[in-house]
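Residues per chain are reported as follows:
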Amino acid sequence: MTEKHIVLEDIDPVLFYGVGNTHLQMIRALYPKLRIVARDNVIRVLGDEEQMAAFEESVEKMRQHVLKFNSLGEEDILDLVKGKRTKDEVPDGVVCYNMSGRPIKARSENQQRLIQAYYDNDMVFAVGPAGTGKTYLSIALAVKALKEKTAKKIILSRPAVEAGEKLGFLPGDMKDKIDPYLQPLYDALEDMLPPVKLQDMMEKHIIQIAPLAFMRGRTLSDAVVILDEAQNTTPAQIRMFLTRMGWNTKMIITGDMTQIDLPHSQKSGLIEALHILNGIEGIGVVNLNQKDIVRHKLVTRIVNAYEAFDKERHDE
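The text that follows walks through the structure, step by step, so that each part is easy to find. (Residues numbered from 1 in each chain as written. Predicted model: local features only at pLDDT ≥ 70, side-chain atom pairs only at ≥ 80, totals over all residues. Heavy atoms only, no water.)

Here we come to the overall build of the protein. Counting its secondary structure elements, the protein contains 12 helices and 11 strands. When the backbone C-alpha atoms are referred to their principal axes, the protein occupies close to 80 × 40 × 40 Å. Residue burial in the protein is summarised as follows: out of 316 residues, 46% are buried. In the protein, once contacts between residues fewer than 6 apart in sequence are set aside, the share between residues at least 24 apart is 68%. Of the roughly 17400 Å² of accessible surface on the protein, a fraction of 51% belongs to carbon and sulfur atoms. Charge-centre separation for the protein: the mean point of 41 positive side chains lies 1 Å from the mean point of 45 negative side chains. (Helix = DSSP H or I, 4+ residues; strand = E, 2+ residues; numbered from the N terminus. Buried < 20%, exposed > 50% of the residue type's maximum accessible area, 1.4 Å probe, protein only. Contact = heavy atoms within 4.5 Å. Areas by Shrake-Rupley, 256 points an atom, 1.4 Å probe, with all protein chains shown as cover. Lys, Arg positive; Asp, Glu negative; His and termini not counted. Charge placed at Lys NZ, Arg CZ, Asp CG, Glu CD.)

Across the sheet, which stays open at both edges, the 3 strands sit in the order E1-E3-E2 with antiparallel pairing between neighbours. Every other strand in the sheet has two partners, leaving strand E1 (2-7) and strand E2 (34-39) as the edge strands with one partner each. Strand-to-strand twist across the sheet, computed as the mean angle between neighbouring axes with direction ignored, equals 15°. Bridging between E2 and strand E3 (residues 42-47) involves 6 bridges; their strand directions are antiparallel. Its bridge partner lying in E3, Arg 39 is registered against Val 42. (Pairing = 2+ DSSP bridges. Axes fitted to C-alpha atoms, helices over the stretch in contact; angles between N-to-C directions.)

Ile 139, Leu 156, Leu 189, Met 192, Ile 207 and Ile 209 are the most contacted members of the largest nonpolar core, which has 37 residues in total. Setting aside residues up to four positions removed in sequence, Ile 139 forms contacts with Leu 156, Leu 185, Ala 188, Leu 189, Met 192 and Ile 226. Counting residues in hydrophobic clusters, the runner-up holds 22 residues, among them Tyr 31, Ile 43, Leu 67 and Ile 77. (Core = buried A, V, L, I, M, F, W, Y, C linked by side-chain atoms within 4.5 Å.)

Judged by side-chain polarity, Leu 298, Ile 302, Tyr 306 and Phe 309 come together as a nonpolar surface patch covering roughly 430 Å² of accessible area. Positionally, Leu 298 belongs in helix H12 (residues 297-315). On the accessibility criterion, Leu 298 (42% relative accessible area) is partly exposed. (Patch = residues over 30% accessible without salt bridge, like charges linked within 9 Å, V, L, I, M, F, W, Y side chains within 5 Å. Salt bridge = Lys/Arg side-chain N within 4 Å of Asp/Glu carboxyl O.)

Turning to the environment of Tyr 181, a few remarks are in order. For Tyr 181, the position within the fold is in helix H8 (residues 174-192). For Tyr 181, a relative accessible area of 19% translates into the label buried. Sequence separation between Tyr 181 and Arg 158 is 23 residues; the distance between their C-alpha atoms is 7.3 Å.

Across the sheet, which stays open at both edges, the 6 strands sit in the order E8-E7-E9-E10-E6-E11 with parallel pairing between neighbours. Here the strands that pair on one side only, and so sit at the sheet edges, are strand E8 (207-211) and strand E11 (283-287). Pairwise comparison of adjacent strand axes, ignoring direction, gives a mean angle of 15° for this sheet. Alignment of strand E9 (residues 223-227) against strand E10 (residues 250-255), held across 4 bridges, turns out to be parallel. Looking across to E10, one finds that Val 225 is bridged to Met 251. Across the sheet, helix H10 (residues 235-242) lies against strand E6 (123-127), E9 and E10, angled at about 155° from E10, the strand it touches most.

Scanning the model with the defined rule gives 12 salt bridges in all. In this structure, Lys 4 engages Glu 56 in a salt bridge whose closest nitrogen and oxygen atoms are separated by 2.8 Å. Of this pair, Lys 4 sits in strand E1 while Glu 56 sits in helix H3 (residues 49-69), and the two are 52 residues apart along the sequence.

Attention now moves to the side chain of Gln 51. The topology assignment puts Gln 51 in helix H3. At 3.1 Å, the side chain of Gln 51 forms a polar contact with the backbone nitrogen of Lys 33. Sequence-distant contacts of Gln 51, that is, excluding residues within four places in its chain, are made with Tyr 31, Pro 32, Lys 33 and Leu 34. (Polar contact = N/O pair within 3.5 Å; in protein donor to acceptor, adjacent residues only side chain to side chain.)

Moving on, we get to the pairing of E6. Where burial is concerned, most of E6 is hidden: 5 out of the 5 residues are buried. Burial along E6 is two-sided: Met 123, Phe 125 and Val 127 facing one way and Val 124 and Ala 126 facing the other are all buried. Bridge count for E6 against E10 is 5 bridges, and the pairing is parallel. The partner of Val 124 across the bridge, within E10, is Ile 252. As defined by bridge partners, E6 adjoins E11 across 5 bridges and the pair is classed as parallel.

Laid out in structure tokens, this is it:
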């Protein structure tokens, strides 16, 4: 009799075991010569040595499947255990899968340009109106890099525009004050990573979310670094951020020129950076527009209406 402990690394055990342990019960039925006990992310196996080796191989195949697709069905288990699948790869064009098992991929030509620019350059500026998927797609690329181990960490940042007087009136400590500014980043991550795994990664600082001011003095290496809402940075802030870049690092800077919340006397750092860095090798710029909006159809109409209003006011 042989006993082994198998640790399910990097995945949510609930997805692996199934609702009410249905997947686990099915796996037990497929390996009747083994006694299988699961607790948290550790599987304890006792029994026949030969079947144990086959079981270990099947568990690793299932773990890899969950890691790639964020899902595991009964048909998947049968195919993987019986060796019917010789290939289990993410289809072309799919960045990764969300927690519902839905593929995350480009839904417009410019979104595809953003993905390609990420692979072709070390720094990418993605500029466009609300709802064009700039932030969501950028975080998906970062999550993919983390899963494929081409990056060791993800660093997400946003300028807290009202970091002065108004922020001071909010209740709580500094984390409580800045979290509302960073919530859109949390939302995207929660859609792509299991809650327990996300919490663990944040506690281990594999995923870091911080306001822009916290970037000063750091060198960011072996990471995918995303600066969101960059139109609300000052020239000094964005210059500080861009020069944090270290070895084996990808940077994505997103912004919407129609939603600058800085005082009228303050120039947007994003506008200045795009002008200064225009044409520099290794920096890609992708402009998204109303055709790329993937939210509710009303968002496109709202963006169009406001652009028409801004143009009319400018002409006047």
